[in-house]
Amino acid sequence: MSENLTGGALIGPSAQLPAEPPPPSKWHDTFLRITQGNAIISVLAVVLALIVGGIMIAFTDEDVQAASGYFFARPGDTIAAVWNAVSGAYIALFQGSIYNFGAASFERGIRPLTETLTFATPLIAAGLGVSLAFRIGMFNIGGRGQMLMASAAAGYVAFSLDLPFGIHLLVALLAGLIAGALWAGIAGALKAWTGAHEVIVTIMLNYVAFYLLSFMLRTPGLLQAPGSSNPKTPAMKETAVLPDLLGPQYNLHFGFILVIIATVVVWWILSRSSLGFKFRAVGENPNAARVAGINVKNMYIYGMLIAGALLGLAGVNQVLGTITTGFSSDIDAGIGFDAITVALLGRSTPWGTFAAGILFGAFKAGGFAMQAAEQIPIEIVAVVQALIVLFIAAPPLVRTIFGLPSPERDQRRQRKAREKQLQAEAGTVVK
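(A) Seen up close, the overall build of the protein. Scanning the protein from N- to C-terminus turns up 18 helices and two strands. The 431 residues of the protein split such that 46% are buried. Residue pairs at least 24 apart in sequence account for 73% of intrachain contacts in the protein once pairs closer than 6 positions are excluded. Of the roughly 22,100 Å² that the protein leaves accessible, carbon and sulfur atoms contribute 66%.

(B) Main features of the nonpolar core. Formed by 105 residues in total, the largest nonpolar core has its most connected members in Leu213, Val282, Leu320, Met370 and Ile388. Setting aside chain neighbours within four positions, we find Leu320 in contact with Ala154, Ala158, Leu169, Ala172, Leu173, Met236, Ala240, Val241 and Leu242.

(C) Fine view of the packing of helix α10 (residues 255-272) against helix α11 (residues 274-284). The contact between α10 and α11 brings their axes to 5 Å, and the two run at 70 degrees. What the angle tells us is that α10 and α11 run roughly perpendicular. Across the interface between the two elements, Ile269, Leu270, Ser271 and Arg272 of α10 pack against Ser274, Leu275, Gly276, Phe279 and Arg280 of α11. A class-by-class count of the residues in the contact of α10 with α11 yields four nonpolar, three polar and two charged.

(D) Structural view of the side chain of Lys191. Structurally, the position occupied by Lys191 is in helix α8 (residues 167-194). Judged by its relative accessible area of 19%, Lys191 is buried. Those residues in contact with Lys191, other than ones at most four positions away along the chain, are Met138, Ala196, Glu198 and Tyr300.

(E) Examining the confidence of the model for the protein more closely. Mean pLDDT for the protein: 85, with 87% of residues reaching 70 or above. Note on residues 1-15: pLDDT under 50 across the span, and 13 contacts to partners over four residues away in sequence or across chains.

(F) Layout of the packing of aromatic side chains. On inspection of all chains with the given rule, the structure shows eleven aromatic pairs. Aromatic side chains Phe94 and Phe101 sit 6.0 Å apart centroid to centroid with 10 degrees between the ring planes, which places their arrangement in the stacked category. On the basis of relative accessibility, which here comes to 37%, the residue Phe94 falls in the partly exposed class. On the basis of relative accessibility, which here comes to 59%, the residue Phe101 falls in the exposed class. Where Trp351 meets Phe354, the ring centres are 5.7 Å apart and the plane angle is 70 degrees; that geometry is what we call edge-to-face. On the criterion of helical spacing, the pair formed by Trp351 and Phe354 is a turn pair, its members being three residues apart in helix α15 (residues 350-374). A relative accessible area of 14% places Phe354 in the buried class. One aromatic cluster is present, built from ring pairs that chain together Phe94, Tyr99, Phe101 and Phe106.

(G) Structural detail: a nonpolar patch on the surface. Where nonpolar side chains cluster on the molecular surface, the patch consists of Val43, Val47, Ile51, Ile55, Phe59, Leu397, Ile401 and Phe402 and spans about 720 Å² of accessible area. Among the secondary structure elements, those contributing two or more residues to the nonpolar patch are α2 (38-60) and α17 (395-402). Counting residues per element, the nonpolar patch draws most heavily on α2, which supplies five residues. Summarising the element assignment, Val43 is placed in helix α2. Residue classification places Val43 among the partly exposed positions, given a relative accessible area of 48%.

(H) Spotlight on the environment of Ser271. Its location among the elements puts Ser271 in helix α10. Assessed through its relative accessible area of 36%, Ser271 is described here as partly exposed. For the pair Ser271 and Thr349, spaced 78 residues apart in sequence, the C-alpha separation works out to 10.0 Å.

(I) Spotlight on the environment of Leu190. Tracing the backbone through its elements, the reader meets Leu190 in helix α8. In sequence terms Leu190 and Val201 are eleven residues apart; their C-alpha atoms lie 8.1 Å from each other. Not counting residues up to four positions away in its chain, the partners in contact with Leu190 are Gly195, Ala196 and Val201.

(J) Quick peek at unusual backbone geometry. The phi dihedral of Ala333 is positive, around 55 degrees, even though this residue is not glycine. With respect to the helices, strands and loops of the structure, Ala333 is situated in the loop between α13 (296-322) and α14 (335-345). Residue Arg347 is not a glycine yet carries a positive backbone phi of 55 degrees. Among the structural elements, Arg347 can be located in the loop between α14 and α15.

The rules we used
- Residues numbered from 1 in each chain as written.
- Predicted model: local features only at pLDDT ≥ 70, side-chain atom pairs only at ≥ 80, totals over all residues.
- Heavy atoms only, no water.
- Helix = DSSP H or I, 4+ residues; strand = E, 2+ residues; numbered from the N terminus.
- Buried < 20%, exposed > 50% of the residue type's maximum accessible area, 1.4 Å probe, protein only.
- Contact = heavy atoms within 4.5 Å.
- Areas by Shrake-Rupley, 256 points an atom, 1.4 Å probe, with all protein chains shown as cover.
- Core = buried A, V, L, I, M, F, W, Y, C linked by side-chain atoms within 4.5 Å.
- Axes fitted to C-alpha atoms, helices over the stretch in contact; angles between N-to-C directions.
- Parallel < 35°, antiparallel > 145°, perpendicular 65-115°, else oblique.
- Nonpolar A, V, L, I, M, F, W, Y, C, P; charged D, E, K, R; others polar.
- pLDDT = per-residue confidence, 0-100.
- Phe/Tyr/Trp six-rings, centres within 6.5 Å; stacked < 30°, edge-to-face > 60°.
- Patch = residues over 30% accessible without salt bridge, like charges linked within 9 Å, V, L, I, M, F, W, Y side chains within 5 Å.
- Salt bridge = Lys/Arg side-chain N within 4 Å of Asp/Glu carboxyl O.

In structure tokens form, the structure reads like this:
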């Protein structure tokens, strides 16, 4: 028996310490990373929302209601009616957003996909603006106001100036980006200099932007079309309109290319630049970032400026690409608030937001087809979108429903196993 340095006696060499458990296999480790990651929660949240949406479709369908009246006599009729209602609705959703198999030609068949991308274009840009603010720890819900101010600036340049093609479009685009950035920068500056909460500030700025735009639309010489009493702008000049991507038979325009570029830029800023590192540090812990020498106040301002420019890009896409015949105060079309949902579904990552924007663009494009083909209320699609957010906000619920392993539960088990191992090792020491 040997002595240790503190005078304690150790047991002889014949005693064996408890064997450590073998490390998990690579397949098991990969399975845990997939099932415990954020991406699978987003996918399953969409699946759950579609299931609940299908239940709502079945309950609101007239044929299902009629067949359920004699369910116990002929239950097959009710089951068939439910299947026809739900499958018909989701087939219409697919054909209205991805590909119409009943079209006479391929060109007409892919038109729903181009509509999805058209709807997704401003959603992606706006979602990038919201997700970037999330990464800095700021909740930018002022997307509506930023879009309205960008639309006003870009629209005014587009219909009032006479410039060559290309230059005119570039000037209008820059005017919209700058207007959106400055409007969001107000909230960033107030947050940095006075500590004002960005949620309150951006909500108020939404109202200010809406009523300011309404005033300009009713004032001759500002945004109101000459010789008209309607609160609407003139049509945009051809030299300032975003060109079509696939020809005049489709609504998809060059704005979609711009949002792809914007996604790449945001990805580079967050993942490859020192500014993105500072953004992430401030978002994780502003006090620690301040101790590390990062100017937190400047990060709030810079972040909101970039976020406002991205939301400004969404407004520019509306007035220079989607609605070029003149716009009114409803030009934002609720995109500023939908962007919050897109950013949440995309987990505040650039490419996740891009994919979420396309998904919600498909919901918008396919929702109209569901309503027209199956008489499904368009509000059902809005309910599905809301349910997606609900399930994303409750990952434990999603994991419980699908029986996925919980990272918190695994951490507790590993902690208990480690404690038992330490107790067993301590039991081999003879005091």
